[in-house]
Amino acid sequence: MADFDKNVKPILIDYCYDCHGDGESRGGVAFDGFKSGSDMLGNHELWLTALKLLRADIMPPSRKDQPGDDLKQKIYQWIKSDVFKIDPKHPDPGRVTVQRLNR
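Residues numbered from 1 in each chain as written. Predicted model: local features only at pLDDT ≥ 70, side-chain atom pairs only at ≥ 80, totals over all residues. Heavy atoms only, no water.

Regarding helix H1 (residues 2-15)
With 14 residues, H1 extends 20 Å between its outermost C-alpha atoms, agreeing within 8% with the 20 Å of an ideal straight helix rising 1.5 Å per residue. Maximum bend of H1: about 45°, positioned at valine 8, with proline proline 10 one to four residues after it. Buried within H1 are the following residues: Phe4, Val8, Ile11 and Leu12. Among the structural elements, helix H2 (17-20), helix H3 (37-42), helix H4 (44-55) and helix H5 (69-83) are those in contact with the buried residues of H1. (Helix = DSSP H or I, 4+ residues; strand = E, 2+ residues; numbered from the N terminus. Expected span 1.5 Å × (residues − 1). Bend = angle between axes of the 7 residues up to and from the residue. Buried < 20%, exposed > 50% of the residue type's maximum accessible area, 1.4 Å probe, protein only. Contact = heavy atoms within 4.5 Å.)

Below you can see the structure in the form of structure tokens.
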């Protein structure tokens, strides 16, 4: 959570809180409305949608200030590593099925 407070929250405040913070909740999303950091990290649907919209350059809207590629990469990495726990050094292969050796 310290990584969020240090690296991600300032980006959200600068580029997202106009519509999704400080009492605003456009689209039903308010980043400052979470009761705790674990509530925020546990909302996978929200962060998956945020990741998709950010990658598609839909959010922030074109009429608003846009974060640079380096800031977008920080958010991407935070969502992947902290929210979804994706670690490229130790990938999870998922369920491994044992194949039958005979008929």
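Thoughts on the environment of isoleucine 58
Mapped onto the secondary structure, isoleucine 58 falls in the loop between H4 and H5. Relative accessible area serves as the criterion here: at 47%, isoleucine 58 is assigned to the partly exposed category. It is 30 Å that separates the C-alpha atoms of isoleucine 58 and proline 91, two residues lying 33 residues apart in sequence.

Some thoughts on the side chain of lysine 72
Residue position: lysine 72 is located in helix H5. Setting aside anything within four residues of it in sequence, one finds lysine 72 in contact with Leu54, Asp57 and Pro67.

Section: unusual backbone geometry
Omega for the bond connecting methionine 59 with proline 60 falls within 30 degrees of zero, at -10°, which places this linkage in the cis form. With respect to the helices, strands and loops of the structure, proline 60 is situated in the loop between H4 and H5. We note that lysine 85 has phi near 55°; this positive angle belongs to a residue other than glycine. With respect to the helices, strands and loops of the structure, lysine 85 is situated in the segment after H5.

Some words on the pattern of salt bridges
One pass over the structure, following the stated rule, counts one salt bridge. Residue aspartate 57 is joined to lysine 72 by a salt bridge in which the shortest nitrogen-to-oxygen separation is 2.6 Å. Of the two residues, aspartate 57 sits in the loop between H4 and H5 while lysine 72 sits in helix H5, which places them 15 residues apart along the sequence. (Salt bridge = Lys/Arg side-chain N within 4 Å of Asp/Glu carboxyl O.)

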